[in-house]
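Given next are the chains, with one letter for each unit.
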Amino acid sequence: MLSKLKKASLVVAAALTCLTLVACGKSSSSSDKSDKVTIRFSWWGNDDRHKDTLKAIKAFEKKNPDIKVKAEYSGWDGFDQKMATQVSGGTEADVMQINYDWYLNFSPNGQGFADLNKYKNIIDLSGYSKEILKAGNIDGKLNGIPHGENTRVIAVNKDILNKYGITEYPKTWTGWEKVAKTLPDDYYPIEFSSFLDIICYITQKTGKTFLSEDGKINYSQQDLQDGFDWYQQMVDSGVTPSRKWVMDTIGHDSIATTKEFLNGKLTGFFDWTAVLNSFSTNLKQTGMKLDIPPFPEVENAKSDGAIKKPTMLFSISKHSQHPKEAAKFLNFILNDPDGVKAMGTSRGLPVNTKAQAILEKNGQVDDITKKAINYSKNTTGVMESRYMELSQIATAYNDVTDSFGVGKISSKEAAKEIITKVNAAVKQVKSKTN
Amino acid sequence: MDAESVNNKVRRKHTINVVWRYVLLIITAVIMIYPIIWLLGASFKSNAEIFGSIGFLPKHIDWSSYVKGWKTGTEYTFTTYFLNSFKIVIPKVIFTVISCTLTAYAFTRFDFPGKKFFFGIVISTLFLPAVVTRIPLYIMWRNFHLLDSYVPLILPTLFAQESFFVFMLVQFMRGIPKEYDEAAIIDGCNSFQILIKILVPMMKPAIITVVLFQFIWSMNDFLQPLIYLSSVSKFPVAIALKMATDASSGFVPWNQTIAMSLIALLPSLILFFSASKSFVDGMSAGGIKG
Amino acid sequence: MVLSFSFITLEASILKARKNMGLLYLLPWLIGTAVFTVYPFISSLFYSFTNYDLISKPKFIGFANYVEMFTTDPDFINSLKVTVEYTVLTVPIQLAFALFLAFILNFKLKGINFFRTAYYVPSILGGNVAVAILWKFLFTKEGLINQMIEALGGKGVGWLSSPSNAMFVLVILGVWQFGSSMVIFLSALQQIPLDLYEAAQVDGAKKWTIFFKITIPLITPTIFFNLVMQLVNKLQEFNGPYLITNGGPTKSTYFTSLIIYDNAFKNFRMGYASAMSWVLFTIIAALALIIFKTSDRWVYYSDGGNN
């Protein structure tokens, strides 16, 4: 016992010395003394994604025997905290999978990650449109390269609609109101209740996105009020169940795992293209099929109103000791046929046209994803502001939408509150970084 | 009334009493564990069946969720993750019992300057939400160069840093009359012998409780290991359970997650069940008869 | 024996140098606290007076964070209100339930082990993902609870869209996981010397009299412990609202720990989150102090109560 105590106090003393000596030190490099360079790659995801990514890493290591890639992955739960602690401790991985809105927190001035423009000769960006690359660009520094693109989409249970005699999809919202009448009372053709869906409608009318790139509101209060009124009309005509109904039935979960979706009573839904896969896999187990109808519109629409955003960007740490090797690896998974094939579609379809071609040629694109690509290509929309997904701002508009949805406030009040609350939240975010 | 009929009456009353108790116990048990039984059923179902029906019997028994779940989508199987968990949990339990007992002993049986103040610190460490000490702790361990090891998870328990257990043992130790100590001193025991020979045996139920809780809570703890460990090869079961749970990244096989969650309960359940037996051993020293 | 021998010599030498044997036993804790606890505590207190976004250095801003949460931030006060409401509802029910079941489980019956284990199972689950799925199965519109209500002739309830119902769901979850308090009560009951009961039984005391006059007073230290710990835990409750209601509907279950978490790791306002934590710390400490002060009156210590 005594020697244990002694030992322990020695450890503690040594540790304390370390603390004072290296309190300002950067993370230790992960390279060994040998010629082999080790880079770390971190991501979150589900089983499929882990398997595919590990495959891609193996393929890369085979081609580059002098580089070892250490895989650091887990599920989504808690990943945000892990990431935040790592970044604040300067111990983040060399290559990271990053969420669109995180840049506002991690890299408000574009200084938080390595500027990938420096590695343009290593990473081939020719398959990316200028527009989509803008998503990873902060103050002229390329902080991240988007893996995919997400588009707001409506998808429906084809079998149920067919069963009730609907074989041709309506092209307008009014058309869907008619469908709602054709279906039994407890069936809803398209479930939607989020503020994003209301925005899609307003975008169709105005051709503008809700928040500009720097977080300014582009809509007038009247625009917003019209949006809420329109949403109420969709509820009243039975196109979508009410927000209250959704809360009780679904909670804050994805509807992909609800009884009502699986038995077809929620016949369709409004969501991002990236999640179609989990919906379609779940639905397949009940023997039914998912389909993508054309995006319904208002008359004289100025845009199709399908909001778009990049999904999962890849960044390189500014602390990386081996940025070139990291860039090489990034290029491998984004452009190299072997890398692209191994990565597959577990992160959704890549937005890189080169990678798309490789996957399609290799037959790795499933039915619903193919439909989603066609849909995204043929539907015009607006790129969502980075601010939209930020927790403070999302909380602000979701809160107001909830209050409206349960009948606590009128559409006029909702419109007014959206403007004041979102503005306040944006101001808050900006003040933090200045 | 003769003696025999009185005896019969007493016996009958006793039987009725026992029956009543069982009825009560069974009803409560059903309410408590029906949900778990439902989970057991769910582990055999497909996603569509889990979320689509509320019955607990699966359409057909299919063990593949267990087989696939055990294999995981990662480079390692649950065998690795379980071993890792034990590597963390077992030292934690041992260290906690030793260090917290010593600390509780100091607080209950000795007087020293600053005692009240120190005890105040023990209790007040429970009051601050862990969220805000996470970053400073992380940076501290980074400066110690001990990230991606089990040291940040285990070492603090060697120094009685889990106030819950210190506080609990203090409460139990204070329930033991000091006359026992005094008798032991007369018998020539030193202070350490009093602790080991007198107090620890009397506190057996409390110490078993510490073992149980530390084991179960450490098995379940997922956030701390997630933050301190970066190598998947070092992950414990609690993280492995969540490896696939990201609905936004696509399909999540919930049956596998549930199946593995249930398997992960087993070590805790077995330990609890056997510890509960040793509670019974203690019955000779305490407890109500019949 | 070697162990105790080294302790004896140690004891002798220490006794010469220092009068207080207690400090020796306290030594591990003292070292540990100095190394592992003081630094993070002081840091978070320091952060609470700063603007700290996790990526750049904290900037000192005085009491601005504290002023903000009580003036311009409507969510914080509300979160304190709902957290206290939750605590007040959950703690007494949970403790009464735990004590009652511990009492029953202390009987000598065949198969009692099984029941003890069964009752503890919900608490082993903790914040497991399975709990979220389970709760969905129970409390959605056509979930088990509503089906039972309907079978009994009632009308299904919207559990998650109304603030009071959502709170109720969380309270139920809190009470359901009563196992830890129960186990602690159980071990306290086990520690009661049997001769006390026997003496009472010889005196012809009724079972309930024994329970209230002997059992309860003897386990007051444990009741005290469970009360303090449950208050501390419930005022910091995170899993329930995080997994099940996500703070909703309309922030009616947006507990303080959730708002702290959101500010710390979603909004990257660690300074603000730290300030909130220290306010919560003060509230819990004040409550604990009151309980500790009143404990002299109702907590009975067999050791004479010199603390």
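If you're wondering where the values come from, they're calculated on a predicted model, not measured in any experiment. (Residues numbered from 1 in each chain as written. Chains lettered and ligands numbered in written order. Predicted model: local features only at pLDDT ≥ 70, side-chain atom pairs only at ≥ 80, totals over all residues. Heavy atoms only, no water.)

Asks: If you had to explain the overall build of chain A to someone new, which residues and values would you point to?
Replies: Across its full length, chain A carries 18 helices and 9 strands. A globule of 434 residues ought to have a C-alpha radius of gyration of about 22 Å, and chain A, at 24 Å, matches this closely. Once the C-alpha set of chain A is aligned to its principal axes, its extents read approximately 75 × 50 × 50 Å. When the 434 residues of chain A are sorted by exposure, 61% land in the buried category. For chain A, contacts bridging at least 24 residues in sequence account for 75% of all contacts bridging at least 6. Roughly 17,200 Å² of accessible area belongs to chain A as shown, and the carbon and sulfur atoms make up 50% of that amount. Both charge centroids of chain A, one from 57 positive and one from 51 negative side chains, sit 6 Å from each other. (Helix = DSSP H or I, 4+ residues; strand = E, 2+ residues; numbered from the N terminus. Rg over C-alpha atoms; globule rule 2.2 N^0.38 Å. Buried < 20%, exposed > 50% of the residue type's maximum accessible area, 1.4 Å probe, protein only. Contact = heavy atoms within 4.5 Å. Areas by Shrake-Rupley, 256 points an atom, 1.4 Å probe, with all protein chains shown as cover. Lys, Arg positive; Asp, Glu negative; His and termini not counted. Charge placed at Lys NZ, Arg CZ, Asp CG, Glu CD.)

Asks: Report on the environment of D197 of chain A, specifying residues and quantitative values.
Replies: Residue and element names in this part refer to chain A. Mapped onto the elements, D197 comes out in helix α8 (residues 195-206). Among the residues examined, D197 registers a relative accessible area of 2% and is labelled buried. Along the primary structure D197 and F404 are separated by 207 residues, whereas in three dimensions their C-alpha atoms are 14 Å apart. Among all residues touching D197, those that are not within four sequence positions of it are R152, F192, W230 and F270.

Asks: Can you explain the interface of chain A and chain C? Please cite residues and give values.
Replies: Each side of the interface is counted separately: chain A has 37 residues, and chain C has 37 residues. In this assembly, chain A packs against chain C so that about 3,400 Å² is buried in total across both faces, 58% of it on carbon and sulfur atoms. Where chain A touches chain C, the interface holds 1 salt bridge. Across the pair K251 of chain C and D399 of chain A runs a salt bridge, and its minimum N-O distance is 3.3 Å. Counting residues per element, the ones that place at least two in the side of chain A that touches chain C are α1 (2-22), α3 (79-89), α4 (102-106), α10 (243-250), α11 (259-262), α17 (391-405) and α18 (411-433) of chain A. Here the side of chain A that touches chain C takes 6 residues from α17 of chain A, the largest share from any one element. Looking at the side of chain A that touches chain C, its residues break down into 11 nonpolar, 15 polar and 11 charged. (Buried area = accessible area lost by both parts, 1.4 Å probe. Salt bridge = Lys/Arg side-chain N within 4 Å of Asp/Glu carboxyl O. Nonpolar A, V, L, I, M, F, W, Y, C, P; charged D, E, K, R; others polar.)

Asks: Would you mind going over the pairing of strand β7 (residues 268-272) of chain A in detail, with residue names and values included?
Replies: All names here are of chain A. With 4 of its 5 residues buried, β7 lies for the most part within the structure. Strand direction decides the pairing type here: strand β6 (residues 145-157) and β7, joined by 5 bridges, are antiparallel. Looking across to β7, one finds that A155 is bridged to F269. (Pairing = 2+ DSSP bridges.)

Asks: Talk me through the interface of chain B and chain C; I want residue IDs and the actual numbers.
Replies: The interface is formed by 107 residues belonging to chain B together with 109 residues belonging to chain C. Of the roughly 10,100 Å² buried where chain B meets chain C, counting both sides, 74% is carbon and sulfur surface. Remark: the boundary between chain B and chain C carries 0 salt bridges. Counting every contact that joins chain B to chain C gives 13 residue pairs in polar contact (both at pLDDT 80 or more). The greatest single-element share of the side of chain B that touches chain C, amounting to 16 residues, is contributed by helix α1 (residues 3-42) of chain B. (Polar contact = N/O pair within 3.5 Å; in protein donor to acceptor, adjacent residues only side chain to side chain.)

Asks: Account for the side chain of R347 of chain A, naming residues and giving values.
Replies: Residue and element names in this part refer to chain A. Position of R347 relative to the elements: it lies in the loop between α14 (337-343) and α15 (353-361). Of the side chains with opposite charge, D52 lies nearest to the buried R347, which makes no salt bridge, at 7.1 Å. A polar contact of 3.0 Å, which involves the side chain of R347, links it to the side chain of T53. Those residues in contact with R347, other than ones at most four positions away along the chain, are F41, W43, R49, T53, Q97, H147, M312 and F314.

Asks: Account for the environment of I61 of chain B, with residues named and values stated.
Replies: All names here are of chain B. Here I61 is to be found in the loop between α2 (47-52) and α3 (64-71). With a relative accessible area of 55%, I61 lands in the exposed category. Between the C-alpha atoms of I61 and A130, which are 69 residues apart in sequence, the distance is 42 Å.

Asks: I'd like a rundown of the packing of helix α8 (residues 163-174) of chain B against helix α9 (residues 179-191) of chain C, residues and numbers included.
Replies: Between α8 of chain B and α9 of chain C, the least distance of the axes is 11 Å, while the angle of their chain directions is 25 degrees. In terms of orientation, α8 of chain B and α9 of chain C fall into the roughly parallel class. Two packed elements cross with a definite hand, and for α8 of chain B against α9 of chain C that hand is right-handed. Judged by residue contacts, F164, M168 and F172 of chain B of α8 of chain B engage I184, S187, A188 and Q191 of chain C from α9 of chain C. (Axes fitted to C-alpha atoms, helices over the stretch in contact; angles between N-to-C directions. Parallel < 35°, antiparallel > 145°, perpendicular 65-115°, else oblique. Left-handed = near helix turned anticlockwise from the far one by under 90°.)

Asks: Which residues make up the side chain of S181 of chain C, and what are the values?
Replies: Residues and elements named next belong to chain C. Mapped onto the elements of the fold, S181 is located in helix α9. Taking the relative accessible area as the measure of exposure, S181 reaches 1% and is therefore buried. Those residues in contact with S181, other than ones at most four positions away along the chain, are Q94, L95, A98, N226 and Q230.

Asks: Break down the packing of aromatic side chains for me, with residues and values.
Replies: Taken as a whole and judged by the stated rule, the model has 93 aromatic pairs over all chains. Look at W102 of chain A and F106 of chain A: their rings are 5.8 Å apart centre to centre, the planes differ by 85 degrees, and that puts the pair in the edge-to-face class. You can see W102 of chain A and its partner F106 of chain A sitting in helix α4, 4 residues apart, about one turn around the helix. An identical accessibility class is assigned to W102 of chain A and F106 of chain A; each is buried. Geometrically, the ring pair formed by F106 of chain A and F268 of chain C is edge-to-face, given 5.0 Å between the ring centres and 75 degrees between the ring planes. Pair noted here: F106 of chain A is in helix α4 and F268 of chain C is in the loop between α14 (256-266) and α15 (270-298), and the two residues belong to different chains. A relative accessible area of 3% places F268 of chain C in the buried class. Directly above the ring of W272 of chain A sits R152 of chain A, whose terminal nitrogen or CZ lies 5.0 Å from the centroid. The ring of Y301 of chain C has R174 of chain B sitting right over it, with the charged end atom 3.4 Å from the ring centre. (Phe/Tyr/Trp six-rings, centres within 6.5 Å; stacked < 30°, edge-to-face > 60°. Lys NZ or Arg CZ within 6 Å of the ring centre and 35° of its normal.)

Asks: I'd love a proper account of the confidence of the model for chain C, names of residues and values included.
Replies: Detailed reading of the predicted model is not advised wherever pLDDT is low. All names here are of chain C. With 91% of its residues at a pLDDT of at least 70, chain C reaches an overall mean of 85. Scored below 50 in pLDDT, residues 1-5 shows 2 contacts in the model against residues more than four places distant or in partner chains. For the stretch residues 14-18, pLDDT sits under 50, and the model shows 2 contacts to residues farther than four places along the chain or on other chains. (pLDDT = per-residue confidence, 0-100.)

Asks: Requested: an account of the pattern of salt bridges, with residues and values cited.
Replies: Taken as a whole and judged by the stated rule, the model has 27 salt bridges over all chains. For K242 of chain B, the salt bridge goes to D77 of chain A, with nearest N and O atoms at 3.5 Å. With K242 of chain B in the loop between α13 (237-240) and α14 (254-281) and D77 of chain A in the loop between β2 (67-74) and α3, this residue pair bridges two chains. Of the residues examined, K242 of chain B reaches a relative accessible area of 10% and is grouped as buried. A salt bridge links K265 of chain A to D186 of chain A; the nearest nitrogen and oxygen atoms lie 3.3 Å apart. Placement of K265 of chain A in the loop between α11 and β7 and of D186 of chain A in the loop between α7 (173-182) and α8 is noted, with a sequence separation of 79 residues between them.

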